[in-house]
Amino acid sequence: HGSGAKSRHLSRSQFMMGSGGGEKNPGGDASLGDVDDDREYEAGGFDAIVPAYVKGSGEALRAARNLEPGTRLLRVAPLAAIPYAAELSTICGSCFQRCDDVDSRACERCGVARLCSRCAAGPALEQHNHECHALSRLRDGDSGLTLQHNDLRLLLRLLSVRRQWLTTSSKTMTQDVNVEINTTAAAAVGVVAAETSSSRNPAAEAAAEAGDVIVDDYDAVLELMSGLEGGDDGNLPDAAVATLYEVAKQAKYLVAPQLRASVDEYVALLGRLQLNGFEMTSATATATATESELHAPPRGGEADGEGIGKARRKRKKGNEPGEEQGVGGHRPIGIGVFPSAARFNHSCAPNAHQSFDAHGCVTVDTVRRVKKGEELTIPYVDTRLSGQERRAKLRKNFAFECACVRCLAEQ
């Protein structure tokens, strides 16, 4: 991949058959001997990794061969993502690239969303139309809700993606029926299918032009942990679940009629977003970052927004949300859900690390040599924190007790 050949747009099915939340494993570090290789998985386009099932922990990813530091493991486009409120006027709300071209514009109705000229001509505009009225109410502080409520805005975006997925699925089912009925209808169906294919999300198309990328379907998010059912689905504290219900009740009055679902469905989606969301950072370090800032531990502080109960949401990265300067000078710019990347388990001594490119895609690369069969892990929290601080954050944000090799050694 990245060998100079024409970039390919990879569907999720070409990578893995399933995607469980990484937090199923309370600390990765499994070796080949811990992996149940009797389970069958489909080979994928990113051939440095293979899905696995770690006994006693759950879904995981492991090295398909011996890997050198800097090996690209994965590149995943966001299924649903939103810019932080402070970034709404400067970056495209779909592809996350800076809106410097003269054709980019803010929505004339809500004055909140901004799309670049490329995304304004595709499904991103339809997504925004579903969200526009709700964003207007958030802009005006209706019922005390604001644009700073990031989890609420991300839920709106995910519901819009869900709507498009259901519509496309319905069309596909109708086309399949028509094909079976008669061959004359098949010709017309073929035209419709071609038109549908050509109208794929321009943001994903732009990402594919820059290199191989996995583009998840909506159903991938339904396979992530919600924290509601216990066991393999995770177990959020009762107080956290109660907060999810409060947010879901607020969403009920914001969601456009065509996006509506039950409160229980909202809660399940919010749980999946809380446990599996990534905070996105700028692709390049801020030019004004000093040498000390580039290597300084992240500052605490509140998020750029209020999130679910003003609690920290899943970061799967080092810095806290809303800081002016992220780790390495990469500025936090938004939050999103990347189902295929959510499968990486956590370790406080990870062998891989995540970052974000100019297209808003999450990329995961090895940070040291990895042996074939070794479990691949990433950090969910800042690994420079003390063991007590790391475990407290993991317990609070992801509802598990870390038992990675570093934590065990420290204890």
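Thresholds, definitions, all that
- Residues numbered from 1 in each chain as written.
- Predicted model: local features only at pLDDT ≥ 70, side-chain atom pairs only at ≥ 80, totals over all residues.
- Heavy atoms only, no water.
- Pairing = 2+ DSSP bridges.
- Helix = DSSP H or I, 4+ residues; strand = E, 2+ residues; numbered from the N terminus.
- Axes fitted to C-alpha atoms, helices over the stretch in contact; angles between N-to-C directions.
- Salt bridge = Lys/Arg side-chain N within 4 Å of Asp/Glu carboxyl O.
- Buried < 20%, exposed > 50% of the residue type's maximum accessible area, 1.4 Å probe, protein only.
- Core = buried A, V, L, I, M, F, W, Y, C linked by side-chain atoms within 4.5 Å.
- Phe/Tyr/Trp six-rings, centres within 6.5 Å; stacked < 30°, edge-to-face > 60°.
- Polar contact = N/O pair within 3.5 Å; in protein donor to acceptor, adjacent residues only side chain to side chain.
- Contact = heavy atoms within 4.5 Å.
- Expected span 1.5 Å × (residues − 1).
- Arc of directions from axis to C-beta.

Asker: In this structure, what is going on with the sheet that holds strand β9 (residues 277-281)? I would like to understand it.
Answerer: Hydrogen bonds between backbone groups are what pair the strands of a sheet, and the pairing can be parallel or antiparallel. Judged by pairing direction, the sheet is antiparallel, and its three strands sit side by side in the order β5-β10-β9 without closing on themselves. A single partner strand is all that each edge strand has here, and the edge strands are β5 (80-83) and β9. Strand-to-strand twist of the sheet, defined as the mean angle between neighbouring strand axes without regard to direction, takes the value 25°. Bridge count between β5 and strand β10 (residues 332-337): four bridges; the pairing is antiparallel. Bridge pairing in β10 links Ala81 to Gly336.

Asker: How should the pattern of salt bridges be read in this particular structure?
Answerer: Once the charged atoms of two side chains with opposite charge are near each other, the side chains can pair. Within this structure, the stated rule accounts for 18 salt bridges. Residue Arg368 pairs with Glu374 through a salt bridge whose shortest N-O separation is 2.7 Å. Classification of Arg368 as partly exposed rests on a relative accessible area of 33%. Given a relative accessible area of 19%, Glu374 falls into the buried group. Close ionic contact of Arg391 with Glu410 constitutes a salt bridge, the shortest N to O distance being 3.8 Å. One end of the pair, Arg391, is in helix α8 (residues 387-398); the other, Glu410, is in helix α9 (residues 405-410), with 19 residues separating them in the sequence. On the accessibility criterion, Glu410 (41% relative accessible area) is partly exposed.

Asker: How should the pairing of strand β4 (residues 72-76) be read in this particular structure?
Answerer: Residues in a regular strand point their side chains to alternate faces of the sheet. Of all five residues in β4, four are buried; the element is thus mostly enclosed. Sheet topology note: the β4/strand β13 (residues 362-366) ladder contains four bridges and is antiparallel. Each residue of the ladder has a partner; that of Leu74, found in β13, is Val364.

Asker: Explanation requested: the nonpolar core in the structure shown.
Answerer: The tendency in soluble globular proteins is for nonpolar side chains to be buried side by side. With 47 residues, the main nonpolar core has Leu155, Leu158 and Val221 as its most contacted residues. Of all the secondary-structure elements, those providing two or more residues to this core are β5, α1 (123-139), α2 (150-181), α5 (238-252), α6 (263-276) and β10. Here this core takes seven residues from α2, the largest share from any one element.

Asker: Explanation requested: the packing of aromatic side chains in the structure shown.
Answerer: The description of an aromatic ring pair uses the distance of the two centres, along with the angle that the planes make with each other. Inspection of the entire model under this criterion finds seven aromatic pairs. Aromatic pair Phe278 and Phe338: ring centres 5.6 Å apart, planes at 80°, arrangement edge-to-face. Residue Phe278 is located in strand β9, and its partner Phe338 is located in the loop between β10 and β11 (345-346); the two are separated by 60 residues in the primary sequence. For Phe278, a relative accessible area of 0% gives the class buried. Centre to centre, the rings of Tyr380 and Phe400 are 6.4 Å apart; their planes meet at 80°, and the pair counts as edge-to-face. Within this pair, whereas Tyr380 is found in the loop between β14 (377-378) and α8, its partner Phe400 is found in the loop between α8 and α9, the two being separated by 20 residues in sequence. Considered together, Tyr380 and Phe400 belong to a single accessibility category, that of buried residues. By the ring-pair criterion, three or more aromatic residues cluster together here, those being Phe278, Phe338 and Phe356.

Asker: Help me understand the environment of Asn150, please; the structure alone is not making it clear to me.
Answerer: By secondary structure assignment, the location of Asn150 is in helix α2. Put simply, Asn150 and Ile335 are 185 residues apart on the chain and 7.8 Å apart in space, counted from C-alpha to C-alpha. In terms of polar contacts, Asn150 uses its side chain to reach the side chain of Arg153, at 3.2 Å.

Asker: What exactly am I supposed to notice about the side chain of His128 here?
Answerer: Position of His128 relative to the elements: it lies in helix α1. Not counting residues within four places of it along the chain, the set of residues in contact with His128 comprises Cys107, Cys110, Ala113 and Leu135.

Asker: Looking at this model, I keep getting lost on α5. Mind explaining?
Answerer: Quick reminder: α-helices carry 3.6 residues per turn. Residues three or four places apart thus point the same way. With 15 residues, α5 extends 21 Å between its outermost C-alpha atoms, agreeing within 8% with the 21 Å of an ideal straight helix rising 1.5 Å per residue. Those residues of α5 lying buried are Ala240, Val241, Leu244, Val247, Ala248 and Ala251. For α5, the angular spread of buried residues about the axis comes to 115°, placing them on one side. Away from its buried face by more than 90 degrees, α5 exposes Asp238 and Ala239.

Asker: How should the environment of Leu228 be read in this particular structure?
Answerer: Counting through the fold element by element, Leu228 comes out in the loop between β8 (213-215) and α5. Accessibility expressed as a relative area gives 29% for Leu228, which makes it partly exposed. Measuring from C-alpha to C-alpha, the distance between Leu228 and Ala268 comes to 7.2 Å, with 40 residues separating the pair along the chain. When near neighbours in sequence (up to four residues on either side) are disregarded, Leu228 contacts Asp233, Gly234, Val241, Leu244, Val267 and Ala268.

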